[in-house]
Amino acid sequence: MKRLILLVFSLSMLLSGCASIFTTPQPGISEQEVIALKGQPDAVYQIGDSRLLEWSVGAWSQYAYMAKIGPDGKLVSYEQVLTREKFGSIPIDRFTKLDVLQTVGHPTETDYLPLIDREVWAYRYKEEGIWNSMMYIYFDSQGIVRRMENGMDPMYLRAN
């Protein structure tokens, strides 16, 4: 009987801890309430008198979230940022690494291609919410976006 009670207690604690993962914070709540619900952000960006809070779900995930906190300390918006629309809002030859971080968060992987002198940031995402995809963003030596391309996520390609 003690094992059953312990199992039920452990399961209820696990489920209550996970509930915040699936809960979308509503605009108007305080920054502290957002953090209490979602946990400590992976990064915080100051943009004028507003702040962006970033949560990356993990290196293998296709999701990352940003919360915009207004000057009054209240949540303005909360969104999943690894989308075709967000990647489409990154202008080539204008955005810097910081601009990209503030738009789609930290990359899944980074690499350097010496033959073309480009740093590449790769992001896993679901194209149209269906296809397992990677977005590659190429930066020049000054940290300016010079090229973007997407394709199938190699993690999901079959070996045979």
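These notes cover the structure that comes with them. Since the structure is predicted, the reported quantities are computational estimates derived from the model, not experimental observations.

To continue, consider the overall build of the protein. Check the secondary structure of the protein and you find four helices and eight strands. Along the protein, helices (α) and strands (β) appear in the sequence α-α-β-β-β-β-α-α-β-β-β-β when read from the amino end. Relative to its full complement of 160 residues, the protein shows a buried share of 34%. Long-range contacts, defined as pairs at least 24 residues apart, comprise 32% of the intrachain contacts of the protein with a sequence gap of at least 6. For the protein, the exposed area adds up to about 10000 Å²; of that, 59% sits on carbon and sulfur atoms.

Below, the discussion takes up the pattern of salt bridges. All chains considered together, the criterion is met by eleven salt bridges. Between R84 and E128 there is a salt bridge; the shortest N-O distance is 2.3 Å. Of this pair, R84 sits in helix α3 (residues 84–88) while E128 sits in the loop between β6 (118–127) and β7 (131–139); the two residues are 44 residues apart in sequence, bridging distant segments of the chain. In this structure R84 comes out as partly exposed when scored by relative accessible area, which is 40%.

Here we take up helix α2 (residues 31–38). Among all positions of α2, only E31, V34, I35 and K38 are buried. Buried residues of α2, seen end-on, are gathered within an arc of 95 degrees and therefore sit on one face of the element. Opposite the buried face of α2, by more than 90 degrees, sit the exposed residues Q32 and A36. Contact partners of the buried residues in α2: β2 (50–56), β3 (64–69) and β4 (75–80).

A separate point is the nonpolar core. By size, the foremost hydrophobic cluster in this structure holds 21 residues, and its most contacted members are F87, I90, V100, Y123, I137 and V145. Broken down by secondary-structure element, the contributors of at least two residues to this core are β1 (43–47), β3, α4 (97–104), β6, β7 and β8 (145–152). Residues within four places of F87 in sequence aside, it is in contact with L82, V104, Y123, Y125, M135, I137 and M148.

Looking now at the packing of aromatic side chains. Two measures describe an aromatic ring pair: the distance that separates the ring centres and the angle between the ring planes. One pass over the full model with this rule turns up five aromatic pairs. With centroids separated by 5.5 Å and ring planes inclined at 5 degrees, the aromatic side chains of Y65 and Y78 adopt a geometry described as stacked. Here Y65, found in strand β3, pairs with Y78, found in strand β4; they are 13 residues apart in sequence, far enough to count as distant. With relative accessibility at 25%, the residue Y65 sits in the partly exposed group. Given a relative accessible area of 16%, Y78 falls into the buried group. Within the aromatic cluster, the residues linked to one another by ring pairs are W55, Y65 and Y78. The cationic tip of K97 hangs over the ring face of F139; the distance from NZ or CZ to the ring centre is 5.9 Å.

Each value, and the rule that gives it
Residues numbered from 1 in each chain as written. Predicted model: local features only at pLDDT ≥ 70, side-chain atom pairs only at ≥ 80, totals over all residues. Heavy atoms only, no water. Helix = DSSP H or I, 4+ residues; strand = E, 2+ residues; numbered from the N terminus. Buried < 20%, exposed > 50% of the residue type's maximum accessible area, 1.4 Å probe, protein only. Contact = heavy atoms within 4.5 Å. Areas by Shrake-Rupley, 256 points an atom, 1.4 Å probe, with all protein chains shown as cover. Salt bridge = Lys/Arg side-chain N within 4 Å of Asp/Glu carboxyl O. Arc of directions from axis to C-beta. Core = buried A, V, L, I, M, F, W, Y, C linked by side-chain atoms within 4.5 Å. Phe/Tyr/Trp six-rings, centres within 6.5 Å; stacked < 30°, edge-to-face > 60°. Lys NZ or Arg CZ within 6 Å of the ring centre and 35° of its normal.

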